[in-house]
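Coordinate analysis (summary)
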There are 2 protein chains.
Amino acid sequence: MIRKYTIGNPIPTASVVTRIEAEEGALPGWTVDRAGKALSYRMQENDLVYGLGETVRGMNKRGWIYTSDNTDDPFHLEEKKSLYASQNFIMLLGENALFGLYVDTPGVVHFDIGFTDYSTLTIRFDDFDADIYLITEGTPRRIVKELRGLTGRSYIPPKWAFGYGQSRWGYLTADDVRKVVDTYRKEDIPVDSVYLDIDYMEKYKDFTINEETFPSFGDFVAEMKEQGVHLVPIIDAGVKIEEGYSVYEEGVRNKYFVTKEDGSELVAAVWPGRVHFPDFLNTQARKWFGRCYSFLLDKGIDGFWNDMNEPSIFFTEDRLQDVFRKMENYRGRNLGIRELSEFKGLVLSLANNRDDYKSFYHNYDGVRVRHDKVHNIYGFQMTRAAGEAFEELCPDKRILIFSRSSYIGMHRYAGVWTGDNRSWWSHIRLNIQQMPALNMCGFLYSGADTGGFGADVTEDLLMRWLGVSIFMPLFRNHSELNTRFQEFYRFPKVRQFRDLIRLRYALLPYIYSEFMKAALGDDMYALPLAFVYGDDERARRVEDQLLIGESIMIAPVYEQNAVGRYVYLPEDMKLIRFRAYNDYDEEILPDGDHFIPLKLNEAAVFLRKGHCLPFADLSASPDPVRSADDAFACPLKYITFDARPEDYLRYDDDGITRI
Amino acid sequence: MIRKYTIGNPIPTASVVTRIEAEEGALPGWTVDRAGKALSYRMQENDLVYGLGETVRGMNKRGWIYTSDNTDDPFHLEEKKSLYASQNFIMLLGENALFGLYVDTPGVVHFDIGFTDYSTLTIRFDDFDADIYLITEGTPRRIVKELRGLTGRSYIPPKWAFGYGQSRWGYLTADDVRKVVDTYRKEDIPVDSVYLDIDYMEKYKDFTINEETFPSFGDFVAEMKEQGVHLVPIIDAGVKIEEGYSVYEEGVRNKYFVTKEDGSELVAAVWPGRVHFPDFLNTQARKWFGRCYSFLLDKGIDGFWNDMNEPSIFFTEDRLQDVFRKMENYRGRNLGIRELSEFKGLVLSLANNRDDYKSFYHNYDGVRVRHDKVHNIYGFQMTRAAGEAFEELCPDKRILIFSRSSYIGMHRYAGVWTGDNRSWWSHIRLNIQQMPALNMCGFLYSGADTGGFGADVTEDLLMRWLGVSIFMPLFRNHSELNTRFQEFYRFPKVRQFRDLIRLRYALLPYIYSEFMKAALGDDMYALPLAFVYGDDERARRVEDQLLIGESIMIAPVYEQNAVGRYVYLPEDMKLIRFRAYNDYDEEILPDGDHFIPLKLNEAAVFLRKGHCLPFADLSASPDPVRSADDAFACPLKYITFDARPEDYLRYDDDGITRI
């Protein structure tokens with residue numbers, strides 16, 4: 001059951017689709033501190049708190065403080081409070097309490113989950129205006145289902161989007177892309193998509209193509225489709241200020257950009273240099289921007305990723321000028337340490353400055369709203385623009401779309417990736433821990449940049465990361481300009497990479513089936529053990545194992561030089577140690593603790609008792625499997641544990657028609 | 001056996017005390033690439049590589065690249081290649097090879113331990129000049145013993161330095177310190193020392209006291225001694241440029257500071273603002289600087305920590321002026337993204353700039369040497385200045401001294417702490433992994449800043465960190481200005497903190513005995529399991545358990561919200577689950593894998609079969625135990641496992657006389 005409580009006068013977020021009448025009186029079990037703009041709840045010693053989507057630290061968020069304040073920050077360190085998204089849903093799995101709490105407000109919220117005081121859960125607001133939804137049901141998954149009912153069904157991508165996607169910032173020309181695709185084909189490694197980072201555009205202008213480096217783009221898209229490869233271009237939030245650039249001129253003409261106090265357009269800078277930001281909170285602007293995607297749809301593009309939409313700001317023109325003025329005071333002076341750090345502070349204050357978010361305004365369908373009051377829904381509304389446009393432009397066809405910044409409600413329109421992570425072993429673990437938290441909030445189509453975006457990858461890290469990524473709906477390898485090359489064929493163990501990626505393709509019938517069952521059933525695809533084995537004290541505490549759909553559990557290795565790992569089995573399970581879809585051994589293990597030896601190229605799957613794992617017999621394919629379609633065309637095999645193949649209810653469809 | 005091979009003409013480092021004739025010919029088993037200035041060795045699949053002291057990642061260094069290039073960098077991330085120290089000793093524990101390799105050169109060295117190619121260990125030099133010592137003996141500990149024989153016996157601190165030390169940047173006055181000590185006494189938490197960070201000095205000038213904030217310092221030192229507390233002031237490398245400041249004036253008069261090409265003193269900036277750096281490679285300058293410590297010794301001080309001695313540089317005057325000149329080019333211009341990042345780059349290039357290390361020179365006993373050629377021994381020579389002075393000024397008495405920057409050889413004069421870490425769970429694990437690597441290189445007196453220096457601590461993180469720190473020779477709690485207060489009495493669970501710190505004191509007779517046996521026997525105090533159970537494939541791979549001395553193993557919990565952890569026992573052991581020195585339970589466990597439940601306030605000790613753990617019965621103390629001396633005055637108790645108390649050979653002495 002869901003109860004709604006309204007505090008103050010919250011600005012609407014478009015997050016909720018099911019209207020509920022707000023109840024009178026206070027949130028039961030919570031203390032309200034109006035002066036402190038806070039709600040607090042007393043936790044028991046063994047209460048666990050899950051949720052908050054894409055945040056740092058463990059699955060159990062207890063012990064740290066998290067701030068919903070969308071931020072472009074690639075250093076996902078333990079100490080960080082804010083990342084790219086605001087997913088304000090928490091679930092308390094208590095000794096004698098179980099509830100979900102969704103805090104719907106577009107402003108800044110602080111979740112102090114036992115940081116200041118281990119026994120106290122405090123939710124503090126910058127502005128004390130919010131709709132609070134308290135969900136109390138029988139089980140964690142029921143609570144998730146209720147939240148989904150409240151906020152809407154999860155986005156469903158096309159089937160090909162479950163194939164492997166290769167990405168890198170630095171594919172500068174169509175030939176660079178061709179070379180990548182050719183090499184994957186030559187190496188017999190399946191790939192369904194190649195991502196185009198900012199370099200495909202003309203001077204980083206949205207909805208343009210650099211004709212010199214990507215000539216006759218439409219033909220190129222078709223050529224790649226011939227190869228079974230979908231090109232997925234990036235779209236950034238900022239629109240370049242440039243005379244003659246139609247998107248810019250239309251936006252200005254129609255007042256579709258955010259404005260400063262004086263009514264003039266905000267001038268900020270990101271990749272293209274000076275830009276204006278579209279006012280995605282303005283319905284007309286949103287419709288206009290959405291229609292702009294047709295420029296690429298018309299060229300045969302059927303997938304996009306929206307980026308820089310926190311929005312990320314390198315600097316605003318006003319602040320830059322101000323900084324230069326202030327710098328004058330330091331010229332020629334004999335700088336002491338304090339002056340120097342002030343001086344450095346000035347320069348470092350240019351990017352993503354909180355005060356800049358207070359310097360511009362939206363036309364929120366007639367109401368003028370200062371950006372910082374609605375900051376956390378900006379990326380959501382950008383991606384909603386795309387999603388709504390696709391429904392209108394391609395009413396029958398699914399389009400791939402995911403975003404970096406997000407807010408609950410965006411899950412109806414798109415997926416998310418976990419942003420610019422790094423090639424750190426600790427980020428493999430973070431990937432494992434973020435997935436179920438994202439699923440709870442409705443974001444089912446998600447995954448991390450496999451191998452890590454920033455810093456230099458190593459072959460062993462990339463291989464181990466596959467142990468997670470081959471089970472994730474969004475399976476992409478992405479890396480930053482000037483880091484070590486990260487395509488799988490760059491390494492000596494290319495055969496082992498090929499085998500694990502083929503395993504992913506063999507598992508697609510299961511992965512897709514479980515994803516769709518979760519999407520259509522308002523359920524989760526990746527679950528913490530605590531959600532299924534809630535009475536098992538040990539299982540409740542497991543932070544590095546996941547249930548993937550109804551049949552299997554994974555326990556990936558995420559430590560350098562490890563030759564295996566400890567795994568907790570809440571029940572008897574059948575270990576399937578995969579080296580390839582057609583090379584694995586099976587072993588039935590009793591419940592309890594086990595040290596499982598796992599070679600670098602081995603991915604462990606734990607099959608639950610009474611369940612089946614269907615997978616495609618790729619060897620039956622006439623030609624080498626190179627795409628998701630090829631895999632789905634193969635006959636199925638089943639690995640079972642005290643079950644019959646027909647016990648598994650498999651979902652399938654054409655994978656492209658909107659449903 | 002040790003064999004020496006000399007490449008080129010290495011600059012001496014004072015690291016080695018035992019002369020060995022260099023052999024003709026090439027290093028057996030290694031390939032020399034003169035053009036590439038590199039040595040390489042082919043590794044087998046299961047070869048482990050240990051060593052390199054204070055570096056990131058695991059005990060087994062395989063898979064990453066490490067650069068010896070002393071750097072002040074508080075973000076000890078997985079991707080970092082250089083930290084504060086250069087400890088160029090590695091040990092290969094191979095499938096069919098076992099050797100130690102000590103690379104003695106004061107310049108930059110890169111250890112590519114399977115990063116570029118997992119099978120290749122490459123040692124690359126910026127300058128191809130080095131003495132290479134190849135040590136081949138029967139066991140890892142024998143190899144360590146040989147290295148110690150080559151480089152000298154490890155530093156031995158006074159006994160009180162094994163007590164607890166409280167530190168924080170931000171104790172601004174003597175009263176602040178009194179308040180800290182009073183509160184520890186009031187809370188009945190033992191403490192032997194309080195550290196004085198940069199604030200005790202007058203304008204951050206070495207060998208001065210701020211008379212306003214720390215009036216009549218000598219009396220204050222005596223007053224604290226009355227309380228059983230030793231004050232341990234910090235000494236920085238840079239000497240403030242200030243007319244009338246005797247240290248500065250003596251240095252200039254005698255040409256004891258490093259100079260630029262033109263012969264004038266380098267002007268750099270650190271905490272005091274503009275400073276000169278003493279030329280610690282100049283024997284006269286070193287003697288002079290060492291004698292300066294008497295200013296504080298004469299006031300009763302008997303412990304010091306040397307800091308900022310990489311040397312850390314906030315900026316050099318020349319570069320600052322250059323940056324300002326270059327900035328002129330950006331004024332008023334319509335900065336594009338490239339120009340802005342250049343501009344930011346200029347400002348960020350001010351600190352610890354590699355080129356600045358090429359801009360000044362040492363008078364290395366008559367020979368003019370550019371700093372970058374000897375960069376990695378600068379901190380060593382600063383601390384050697386102190387150590388040699390103490391031998392001269394206090395011939396009979398041990399003085400506590402440890403340093404941030406170091407190089408092998410410095411271990412004869414001082415200990416090290418692991419520098420400015422952060423309040424991260426991953427840094428507890430890093431602490432566990434760095435200790436044995438430091439021990440191998442001779443640094444026995446060592447430890448990390450318990451609770452983490454930077455970022456905000458949490459009570460549970462601090463409590464779990466104690467599970468490591470109470471077993472480490474250097475046991476200090478240190479935190480950064482403007483972070484959350486971190487003294488143990490700041491938290492609700494003060495009783496549990498008290499009990500664990502008292503446990504440390506109860507264990508002092510064992511800790512001191514094992515430390516001294518390791519120091520006098522050229523052995524290690526904290527050992528990886530691989531060094532003792534080398535034939536056990538599982539034990540060889542354990543990265544998060546340590547043997548502490550001859551009797552015990554520790555397996556600390558380092559994960560947030562964990563209620564226990566997995567432990568691998570290479571042999572039957574007796575688990576002692578301590579909540580306090582007088583509150584514990586014992587359980588004999590068979591060898592193999594175990595999940596050990598451990599509450600937040602429980603520290604697990606695993607007693608080896610046939611061994612004893614002596615500990616002081618603090619309850620027999622007439623007054624509450626407040627210092628190491630009090631603990632050593634208590635009668636001993638023993639916990640045994642198939643052994644008799646008399647089987648334990650305990651070392652003890654007066655703890656203060658030099659030996």
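Our next topic: the overall build of chain A. Within chain A, the secondary structure is distributed over 15 helices and 38 strands. Here chain A has a C-alpha radius of gyration of 25 Å; the compact-globule value for 659 residues is 26 Å, and the two agree. With respect to the three principal axes, the spread of C-alpha positions in chain A is 70 × 65 × 55 Å. Sorting the 659 residues of chain A into buried and exposed places 68% on the buried side. Contacts spanning at least 24 positions in sequence make up 74% of the contacts within chain A whose residues lie at least 6 apart. Accessible surface, chain A as shown: approximately 21,100 Å² in total, 47% of it carbon and sulfur.

Residue and element names in this part refer to chain B. Relative to each other, helix H2 (residues 174–186) and helix H3 (residues 217–226) sit at 0°, their axes nearing to 12 Å. Accordingly, the angle class assigned to the pair H2 and H3 is roughly parallel. Counting all contacts with H2, which are made through Ala174, Val177, Arg178 and Val181, the residues of H3 involved are Phe220, Glu223 and Met224. Its residues assigned to classes, the contact of H2 with H3 shows 5 nonpolar, no polar and 2 charged.

Turning our eyes to something else, we now look at the pairing of strand E1 (residues 2–7) of chain B. Residues and elements named next belong to chain B. Within E1, 5 of the 6 residues are buried, which leaves the element mostly enclosed by the surrounding structure. Bridge analysis of E1 against strand E11 (residues 130–135) gives 6 bridges, and the strand direction is antiparallel. The partner of Tyr5 across the bridge, within E11, is Ile132.

Time to look at the relation of the copies chain A and chain B. After a rotation of 180° and a shift along the axis of 0.0 Å, chain A superposes on chain B with an RMSD of 0.0 Å. Both chain copies can therefore be described as sitting about a two-fold axis. Interface overlap between copies: 100% of the residues of chain A at the interface are likewise at the interface in chain B, consistent with a symmetric, same-surface contact.

So, on to the sheet that holds strand E23 (residues 400–403) of chain B. Residues and elements named next belong to chain B. If you walk across this open sheet you meet the 9 strands as E26-E25-E23-E19-E14-E13-E12-E28-E27, and the pairing is parallel. Edge strands, defined here as strands with exactly one partner in the open sheet, are strand E26 (446–447) and strand E27 (449–450). Across 4 bridges, strand E13 (residues 193–196) lies against strand E14 (residues 230–236) in parallel orientation. When the sheet's bridge partners are listed, Val194 is paired in E14 with Leu231.

Once that is clear, we can look at the sheet that holds strand E9 (residues 109–113) of chain B. Residues and elements named next belong to chain B. Pairing is antiparallel across the open sheet formed by 5 strands, whose spatial order is E2-E3-E10-E9-E5. Strands at the two margins of the open sheet, each flanked by one partner only, are strand E2 (31–33) and strand E5 (65–68). Pairwise comparison of adjacent strand axes, ignoring direction, gives a mean angle of 15° for this sheet. In terms of strand pairing, E5 meets E9 through 4 bridges, oriented antiparallel. By the bridge assignment, Thr67 is partnered in E9 with His110.

Here the focus is the packing of aromatic side chains. Two aromatic rings are characterised by how far apart their centres lie and by the angle between their planes. For the structure shown, the criterion picks out 107 aromatic pairs over all chains. Note on A:Tyr164 and A:Phe475: the rings are 4.9 Å apart at their centroids and 55° apart in plane angle, and the pair reads as tilted. In this pair, A:Tyr164 sits in strand E12 (residues 164–166) while A:Phe475 sits in strand E28 (residues 475–477), placing the two residues 311 residues apart along the sequence. Among the residues examined, A:Phe475 registers a relative accessible area of 1% and is labelled buried. Ring geometry for B:Tyr184 against B:Tyr489: centres 5.0 Å apart, planes inclined by 75°, an arrangement best described as edge-to-face. On the criterion of sequence distance, the pair formed by B:Tyr184 in helix H2 and B:Tyr489 in the loop between strand E28 (475–477) and helix H13 (494–520) is long-range, its members being 305 residues apart. The class of B:Tyr489 is buried, set by a relative accessible area of 15%. Aromatic ring contacts, followed pair by pair, group A:Tyr155, A:Phe162, A:Tyr195, A:Trp305, A:Phe402, A:Trp417, A:Tyr445, A:Tyr512, A:Phe515, A:Tyr525, A:Phe632 and A:Tyr651 into a single cluster. Sitting over the face of the ring of B:Tyr361, B:Arg368 holds its NZ or CZ atom 4.4 Å from the ring centroid. Stacked on the ring of A:Phe595, the Lys or Arg B:Arg538 has its end atom at 3.5 Å from the ring centre.

In this section: the pattern of salt bridges. One pass over the structure, following the stated rule, counts 109 salt bridges over all chains. Here A:Arg579 makes a salt bridge to A:Glu602, at a shortest N to O gap of 2.7 Å. Of the two residues, A:Arg579 sits in strand E33 (residues 573–580) while A:Glu602 sits in the loop between strand E35 (592–597) and strand E36 (603–608), which places them 23 residues apart along the sequence. The class for A:Arg579 is buried, based on a relative accessible area of 18%. Of the charged contacts in the structure, one is a salt bridge between B:Glu202 and B:Lys205, with a shortest N-O distance of 3.3 Å. Its relative accessible area of 3% is what places B:Lys205 among the buried residues.

Let us now look at the packing of helix H12 (residues 459–469) of chain B against H13(B). Residue and element names in this part refer to chain B. As a packed pair, H12 and H13 sit with axes 10 Å apart at the nearest point and diverge in direction by 10°. Accordingly, the angle class assigned to the pair H12 and H13 is roughly parallel. Here Glu459, Leu462, Met463, Leu466 and Ser469 of H12 lie close against H13, whose contacting residues are Gln496, Phe497, Leu500, Ile501 and Arg504. Here the contact of H12 with H13 is built from residues that sort into 6 nonpolar, 2 polar and 2 charged.

In this section: the nonpolar core. Judged by nonpolar contacts, the single largest core of 414 residues is most densely connected at A:Phe606 and B:Phe606. Leaving out residues up to four positions away in the same chain, B:Phe606 has contacts with B:Ser551, B:Ile552, B:Met553, B:Ala555, B:Val567, B:Leu569, B:Met573, B:Lys574, B:Leu575, B:Leu589 and B:Ile596.

Below, the discussion takes up the domain arrangement of chain A. Residues and elements named next belong to chain A. Here chain A is partitioned into domain 1 (2–151) and domain 2 (511–647). Computed from C-alpha coordinates alone, the two centres of domain 1 and domain 2 are separated by 31 Å. Across the boundary between the two partners, domain 1 contributes 15 residues, which contact 17 residues of domain 2. Here domain 1 and domain 2 share an interface that buries about 1,500 Å² over both sides, 51% of which is from carbon and sulfur atoms. Among the residues of domain 1 in contact with domain 2, Met59, Arg141 and Arg148 are the three that bury the most area, contributing 43% of the side total. Where domain 1 touches domain 2, the interface holds 1 salt bridge. Linking Arg141 and Asp523 is a salt bridge whose minimum nitrogen-to-oxygen distance equals 2.8 Å. One can count 8 residue pairs in polar contact (both at pLDDT 80 or more) joining domain 1 with domain 2. Mapped by element, the contributors of at least two residues to the side of domain 1 that touches domain 2 are strand E4 (48–51), strand E7 (89–93) and helix H1 (140–151). Among the elements that make up the side of domain 1 that touches domain 2, the one with the highest residue count is H1 (6 residues).

Criteria and cut-off values
Residues numbered from 1 in each chain as written. Chains lettered and ligands numbered in written order. Predicted model: local features only at pLDDT ≥ 70, side-chain atom pairs only at ≥ 80, totals over all residues. Heavy atoms only, no water. Helix = DSSP H or I, 4+ residues; strand = E, 2+ residues; numbered from the N terminus. Rg over C-alpha atoms; globule rule 2.2 N^0.38 Å. Buried < 20%, exposed > 50% of the residue type's maximum accessible area, 1.4 Å probe, protein only. Contact = heavy atoms within 4.5 Å. Areas by Shrake-Rupley, 256 points an atom, 1.4 Å probe, with all protein chains shown as cover. Axes fitted to C-alpha atoms, helices over the stretch in contact; angles between N-to-C directions. Parallel < 35°, antiparallel > 145°, perpendicular 65-115°, else oblique. Nonpolar A, V, L, I, M, F, W, Y, C, P; charged D, E, K, R; others polar. Pairing = 2+ DSSP bridges. Least-squares fit on C-alpha atoms with pLDDT ≥ 70 in both. Phe/Tyr/Trp six-rings, centres within 6.5 Å; stacked < 30°, edge-to-face > 60°. Lys NZ or Arg CZ within 6 Å of the ring centre and 35° of its normal. Salt bridge = Lys/Arg side-chain N within 4 Å of Asp/Glu carboxyl O. Core = buried A, V, L, I, M, F, W, Y, C linked by side-chain atoms within 4.5 Å. Domains from an automatic or database assignment. Buried area = accessible area lost by both parts, 1.4 Å probe. Polar contact = N/O pair within 3.5 Å; in protein donor to acceptor, adjacent residues only side chain to side chain.

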